[in-house]
Amino acid sequence: MTIELIRRPGQTATDLASLETLLSVRGIAVSTQPLYALAGLVPPDTMKGLDPAASLLVTAIQQQSRILIIGDYDADGATSVALMIEGLRLLGARHVEYLVPNRFEYGYGLSPELVDLALTQRPDLIITVDQGIVSFEGVAAAKAAGVRVIVTDHHLPGQGLPAADAIVNPNQNGCEFPSKALAGVGVAFYLLIKTRALLVAVWPEGSDRINLAQLLDLVALGTVADLVPLDENNRRLVQSGIKRIRAGRARPGIQALIEISGLDHRVLTTTQLAFNVAPRLNAAGRLEDMSLGVACLLATSEAAQASAARLDELNRTRREIEQSMQAQAAELLLAVGRAPDSARFGISLFDSRWHEGVVGILASRVRAQCARPVFAFAEASNGLLKGSGRSIEGLQLRDLLAEMDAARQGLLQKFGGHAMAAGVTIRQEDFSEFATLFDLHAKTHLSGRDLNERIVSEGLVPSFDLERVAGLVRDHPWGQGFPEPIFDEGLEIVEQKVLKGGHLKLKLLSVRFPAALEGIFFNQDRVIDRRNVRFAFKLDVNRYRGVDRVQLLIVHYWP
């Protein structure tokens, strides 16, 4: 795969003292007002289903009904569960419990089997978070048992909606809420906002003093972890949560995860949340049970350290499994002629040795390597395969699966997701047919497009001044859909060393500045056999033992 370097039109350098250019190309007008203040949050009024859902919750709180929160087994699902537990207790609910499906026993969503388990807790009201929008049978089973159901989700609906008492999802038909990129935890937060507003109307004494902003550390972590686009609304939610964490007001579980990641909460960034904290939380759902992750988020100070240590241990195991699977995937790509420069449009991979909880990460790695949409499969029970897919820009993965399902009914046993990530279940004997059909349908969308990856650079960095770089890195919620700037420059390699874990550490020299620069190239497990190289990189500030240093995060290089 060829990676082309492109300078942003009209730019040869960027002035870090003024962010107008960097922000304007990302659709942001710099003003005297704070960029990410909560005051500019989109009000909840236009979110379809929010009024009936909040009314049901107010009634449940008033009647002290038994409420059961049912989540998903990823970080967005875990933070959504913790947020609803904490939020409803703040609003006066006394009987709130949670249930997170074990992915290996119950799979995804509110299934009838999961409802049977839920009924053992005798709930009066079930609230799904980060799932439920396609759980027709599960919702029907709960309703048949006399349990009211509120579905909160952000995934794309299928044909029709489950017969829940209320459905809150900004992506359902007829919803005029402008921020369609909310994560599951963001949708749940909006439900709490509306519920609080209704409670203030009926119980003004006390409920008007409840500050839901104390939950924003959970909203920030779940939103960043789910890799949803950081549109203006999400940027306000995330940066407000980051601000609370930096001020030392994170809940003990999140603080413990930050510490065990070797980070300083006072200068935490969205990138660190996404690549250091979130994987440790996700490891619980990938390898064991996400109840471990929820327990960490809800833990007291005394229990949080032990919970975080267990999650860190699981994450180390996950990394070992992933490295083995990546090597096996590389062999498969070569064996079937799907190397990075292959003409294939959609890539499907399966190995009986692969771990069901790690195939999503594997699909992401292969997608990045091949610049193609990818599904990676692992064996499940009863002769089934469970696949996790990752897409590329311009290809809506969940809609593509719907096209495949319509073209070959019965091939997909179950599927769901959104634009960039989706899951699917098929019979093991149907893998070859799935692979062929996936490639064919991907081709219809991608044929004629130049699929080579392009790196868009802002040009040369005019200064590596620590204060300016720190402002660029830490003052903005960079992430999915709001990419941090990339720069490029020809640099001389003075020293390089492969670190444990397969990362390359470099010392670099620029002819424009006298001091040597530190660089890190993640997932580069071999030295570069050139001395003078053009690097594309992001800027970072590495804090080690309380001392900040500018660091280049290498993205790619060219001789």
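Note: the structure precedes this text.
Since this is a predicted model, take the numbers as computed values, not measurements. (Residues numbered from 1 in each chain as written. Predicted model: local features only at pLDDT ≥ 70, side-chain atom pairs only at ≥ 80, totals over all residues. Heavy atoms only, no water.)

Some words on the sheet that holds strand β13 (residues 487–499)
Here we have five strands rolled up into a closed barrel, ordered β13-β14-β15-β17-β16, and mixed in their pairing. When strand polarity is set aside, the average angle formed by the axes of neighbouring strands in this sheet is 45 degrees. With three bridges joining them, strand β15 (residues 517–521) and strand β17 (residues 547–558) adopt parallel strand pairing. Across the sheet, E518 pairs through a bridge with Q551, a residue of β17. Strand contacts of helix α17 (residues 466–474): β13, β16 (532–544) and β17, with the helix running at about 85 degrees to β16, the strand carrying the most contacts. (Pairing = 2+ DSSP bridges. Helix = DSSP H or I, 4+ residues; strand = E, 2+ residues; numbered from the N terminus. Axes fitted to C-alpha atoms, helices over the stretch in contact; angles between N-to-C directions. Contact = heavy atoms within 4.5 Å.)

Considering the sheet that holds strand β7 (residues 347–350)
Sheet architecture is open: five strands sit in the order β7-β8-β9-β11-β10, paired in mixed fashion. Looking at which strands have only one partner, the edges of the open sheet turn out to be β7 and β10 (414–417). Taking each pair of neighbouring strands and ignoring which way they run, the sheet shows an average axis angle of 15 degrees. Note: β10 against strand β11 (residues 421–427), four bridges, orientation antiparallel. Considered in β11, the bridge of K414 is made with T425. Sheet strands touched by helix α16 (residues 431–446): β7, β8 (374–379), β9 (384–390) and β11. Its angle to β7, the strand with the most contacts, is close to 160 degrees.

With respect to the pairing of β11
A regular strand carries its side chains on alternate faces of the sheet. Burial analysis of β11 places five of its seven residues in the buried class, the great majority of the element. Note: β9 against β11, seven bridges, orientation antiparallel. Bridge assignment links L384 to a residue of β11, and that residue is R427. (Buried < 20%, exposed > 50% of the residue type's maximum accessible area, 1.4 Å probe, protein only.)

Focus on the packing of helix α13 (residues 301–335) against helix α14 (residues 359–370)
The relative placement of two packed helices comes down to the angle between their axes together with the axis-to-axis distance. At a minimum axis separation of 10 Å, α13 and α14 run at an interaxial angle of 45 degrees. As the angle between them shows, α13 and α14 are arranged oblique. As for how α13 packs across α14, the hand of that crossing is right-handed. Facing R318, E322, M325, Q326, A329 and L333 of α13, the residues of α14 in contact are V359, I361, L362, R365, V366, Q369 and C370. When the residues that make up the contact of α13 with α14 are grouped by side-chain class, the tally is eight nonpolar, two polar and three charged. (Parallel < 35°, antiparallel > 145°, perpendicular 65-115°, else oblique. Left-handed = near helix turned anticlockwise from the far one by under 90°. Nonpolar A, V, L, I, M, F, W, Y, C, P; charged D, E, K, R; others polar.)

Any functional reading would require information beyond the geometric quantities listed.
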